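Remarks on the overall topology
Here is what each chain is made of, one letter per residue.
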Amino acid sequence: MTRSLRLFLIVCFFAFTASFIVQMLFQNLGAEKSVWGGNAGWQREIAFWYVGLAVIVLLTLRLKDPRTGFIVAVGCTCLFALLGLNHLWAFMAHPTAQF
């Protein structure tokens, strides 16, 4: 596994871990500023997905297999792009909202 791939996966691991913490402990923070509002059940479910993703990334880092690392990195990149697209969509629908 190349150094840059390893670094990217480490960043993904910390991003998923931080997202889990925010989704579990600071749900109201996002709900107050979000055009989507808040729903504790959905927030927890999203947080649990982040745990699963963090575990996948962590195990991939431990394997040190470049092919597996590449596949997981592509999946993470796809997820980040879709999340960004969803936020862009929300911004386009509600341009005066606070983000």
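Predicted model, so just to flag it, every value in this text is computed and none were measured.

1. Re the packing of helix 1 (residues 3-25) against helix 3 (residues 40-63)
Relative to each other, helix 1 and helix 3 sit at 155°, their axes nearing to 8 Å. When the axes of helix 1 and helix 3 are compared, the pair comes out roughly antiparallel. The chirality of how helix 1 crosses helix 3 is left-handed. For the contact of helix 1 with helix 3, a count of residues per class yields 17 nonpolar, five polar and two charged.

2. Some points on the nonpolar core
Most often, soluble globular proteins keep nonpolar side chains buried together rather than apart. By size, the foremost hydrophobic cluster in this structure holds eleven residues: L5, L9, C12, F16, Y50, A54, V57, L61, V72, A73 and C76. Elements that contribute at least two residues to this core include exactly helix 1, helix 3 and helix 4 (66-93). Dropping the residues within four chain positions of it, Y50 is found in contact with F16, S19, F20, Q23 and L83.

3. Here we look at the confidence of the model for the chain
On average, residues of the chain carry a pLDDT of 91, and 97% of them reach 70 or more. Mean pLDDT values over the elements of the chain span from 76, in helix 2 (residues 27-33), up to 96, in helix 1.

4. With respect to the packing of helix 3 against helix 4
Two elements in contact, helix 3 and helix 4, have axes separated by 9 Å at closest approach and are oriented at 150°. With respect to helix 4, the element helix 3 is oriented roughly antiparallel. Crossing hand, helix 3 versus helix 4: left-handed. Residues Y50, L53, I56, V57, T60 and L63 of helix 3 lie in contact with helix 4, whose contacting residues are T68, G69, V72, C76, L79 and L83. Grouping the constituent residues of the contact of helix 3 with helix 4 by class yields nine nonpolar, three polar and no charged.

5. Examining helix 4
Given 3.6 residues to a turn, an α-helix orients residues that are three or four positions apart in the same direction. Its 28 residues give helix 4 an end-to-end C-alpha distance of 40 Å, which sits within 8% of 40 Å, the value for a rise of 1.5 Å per residue. When we look at burial in helix 4, the residues that qualify are G69, V72, A73, C76 and A90. Against helix 1 and helix 3 lie the buried residues of helix 4.

6. Some words on unusual backbone geometry
When glycine is set aside, most residues are seen to have a negative phi, and most peptide bonds are trans. Phi at K64 takes a positive value of approximately 60°, unusual for a residue other than glycine. Its location among the elements puts K64 in the loop between helix 3 and helix 4. Look at K64 and you get exposed, because its relative accessible area is 54%.

7. Overview of the side chain of Q27
Along the chain, Q27 falls in helix 2. Within the structure, Q27 has its side chain in polar contact with the backbone oxygen of Q23 (distance 3.1 Å). In this structure, Q27 is in contact with V22, A40, Q43 and R44, ignoring residues within four places of it in sequence.

About the criteria used
- Residues numbered from 1 in each chain as written.
- Predicted model: local features only at pLDDT ≥ 70, side-chain atom pairs only at ≥ 80, totals over all residues.
- Heavy atoms only, no water.
- Axes fitted to C-alpha atoms, helices over the stretch in contact; angles between N-to-C directions.
- Helix = DSSP H or I, 4+ residues; strand = E, 2+ residues; numbered from the N terminus.
- Parallel < 35°, antiparallel > 145°, perpendicular 65-115°, else oblique.
- Left-handed = near helix turned anticlockwise from the far one by under 90°.
- Nonpolar A, V, L, I, M, F, W, Y, C, P; charged D, E, K, R; others polar.
- Core = buried A, V, L, I, M, F, W, Y, C linked by side-chain atoms within 4.5 Å.
- Buried < 20%, exposed > 50% of the residue type's maximum accessible area, 1.4 Å probe, protein only.
- Contact = heavy atoms within 4.5 Å.
- pLDDT = per-residue confidence, 0-100.
- Expected span 1.5 Å × (residues − 1).
- Polar contact = N/O pair within 3.5 Å; in protein donor to acceptor, adjacent residues only side chain to side chain.

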